[in-house]
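# Topology and contacts: notes
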Amino acid sequence: MKKLSWMLVLAGVMSVPAIAADSPHSIAYNVGATTDYIFRGISQSQGDPAISGGIDYSHASGFYAGAWASTQKWVETGPYKTDSDFELDLYGGYKGTVGDIGYDVGVIRYSYDGDRGAAVTLPTPDTTEVYIGASWKFLSAKYSYVVSDYFVGWGSPTAKSNGSSYLELNATHDLGNGWGLLGHIGHQKVENTSIASYTDFKVGVTKDVGFGVVTLAYSDTDADTTSYTWAGEKVADGAFALSFSKSF
């Protein structure tokens, strides 16, 4: 029943009625599939494929809100929850520009379905972050800060991981004819669990094929192998991921 309800949430957000073209409100949708769902250098799907979809609302004033859902496999390996297959992200904020500089401030909640059961006394994977970002031409930077008690299950009741942070720098380059390059480097700091902190990077190539965008990217980290081996899978090792996304 819980799996079905999450699927209905995803289907529901994809069926919101269209908004008139001259309205200050706008809605965009996205769907995607990947051979490996990698977030901040860490596989969220245990090296397996994942599918996703989302909806974004924006107002001409700069305010925005959205929801995004994806399949995932890592939560049960904690064990944090049982029967956990989906991630749901809810977010909102404000963005704008000052000259050539873009800015973005907001909050995001990462939630995972499933039953806490006997794990209710353990740290929860559900996480809330606030963030601030800036962009200039082909460069963008973003700083995210955890305001919930725990960051994706790290810590303990006596040593919580609130205050964890992630700093990232991203770059893109348009090669023309629908081709592009991307680069990323980031550092994840996990409060009160220093062995879980790490730096990650990603490089890749994108191709707009008309009906969507195909991305081939390689990600790697310097994360501690023991800390990031979940259910026998080394989720922080270097890996390629082939992805397809479509926005409409």
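Up top you'll find the structure we're talking about.
Now for a description of the structure that goes with this document. (Residues numbered from 1 in each chain as written. Predicted model: local features only at pLDDT ≥ 70, side-chain atom pairs only at ≥ 80, totals over all residues. Heavy atoms only, no water.)

### Looking at the nonpolar core
Ile-42, Trp-74, Trp-154 and Tyr-228 are the most contacted members of the largest nonpolar core, which has 22 residues in total. Top element by residues in this core is strand 7 (residues 101-112). It accounts for 3 residues. Those residues in contact with Tyr-228 that sit more than four places away from it in its chain are Ile-42, Trp-154, Ala-196, Tyr-198, Ala-223, Glu-233, Lys-234, Val-235 and Ala-236. (Core = buried A, V, L, I, M, F, W, Y, C linked by side-chain atoms within 4.5 Å. Buried < 20%, exposed > 50% of the residue type's maximum accessible area, 1.4 Å probe, protein only. Helix = DSSP H or I, 4+ residues; strand = E, 2+ residues; numbered from the N terminus. Contact = heavy atoms within 4.5 Å.)

### What about the environment of Tyr-166?
You can see Tyr-166 is positioned in strand 10 (residues 165-176). The spacing of Tyr-166 and Tyr-198 is 32 residues in sequence and 9.8 Å in space, taken between C-alpha atoms. In this view, Tyr-166 contacts Arg-40, Lys-142, Tyr-143, Ser-144, His-184, Gly-186, His-187, Gln-188 and Asp-200; residues no more than four positions away in its chain are not counted.

### Some details on the sheet that holds strand 8 (residues 127-136)
On the basis of which strands lie adjacent, the closed barrel formed by 12 strands has the order 1-4-5-6-7-8-9-10-11-12-13-16 and antiparallel pairing. For this sheet, the mean inter-axis angle between neighbouring strands, taken without regard to orientation, is 20°. Here strand 5 (residues 63-71) runs beside strand 6 (residues 86-98); their pairing, made up of 9 bridges, is antiparallel. Bridge pairing in strand 6 places Ser-70 opposite Glu-87. (Pairing = 2+ DSSP bridges. Axes fitted to C-alpha atoms, helices over the stretch in contact; angles between N-to-C directions.)

### A few points about the packing of aromatic side chains
All chains considered together, the criterion is met by 15 aromatic pairs. Between Phe-201 and Tyr-218, the ring centres sit 6.2 Å apart and the planes meet at 55°, which makes this aromatic pair tilted. One end of the pair, Phe-201, is in strand 12 (residues 198-208); the other, Tyr-218, is in strand 13 (residues 213-221), and 17 residues separate them in sequence. Three or more aromatic residues joined by ring pairs form one cluster here, namely Trp-74, Tyr-80, Tyr-112, Trp-154, Tyr-198, Tyr-228 and Trp-230. One cation-aromatic arrangement involves Lys-95 over Tyr-64; the distance from NZ or CZ to the ring centre is 5.0 Å. The ring of Tyr-131 has Lys-142 lying over it, and the distance from NZ or CZ to the ring centre is 4.4 Å. (Phe/Tyr/Trp six-rings, centres within 6.5 Å; stacked < 30°, edge-to-face > 60°. Lys NZ or Arg CZ within 6 Å of the ring centre and 35° of its normal.)

Everything listed here is a matter of geometry and, on its own, says nothing about what the molecule does.
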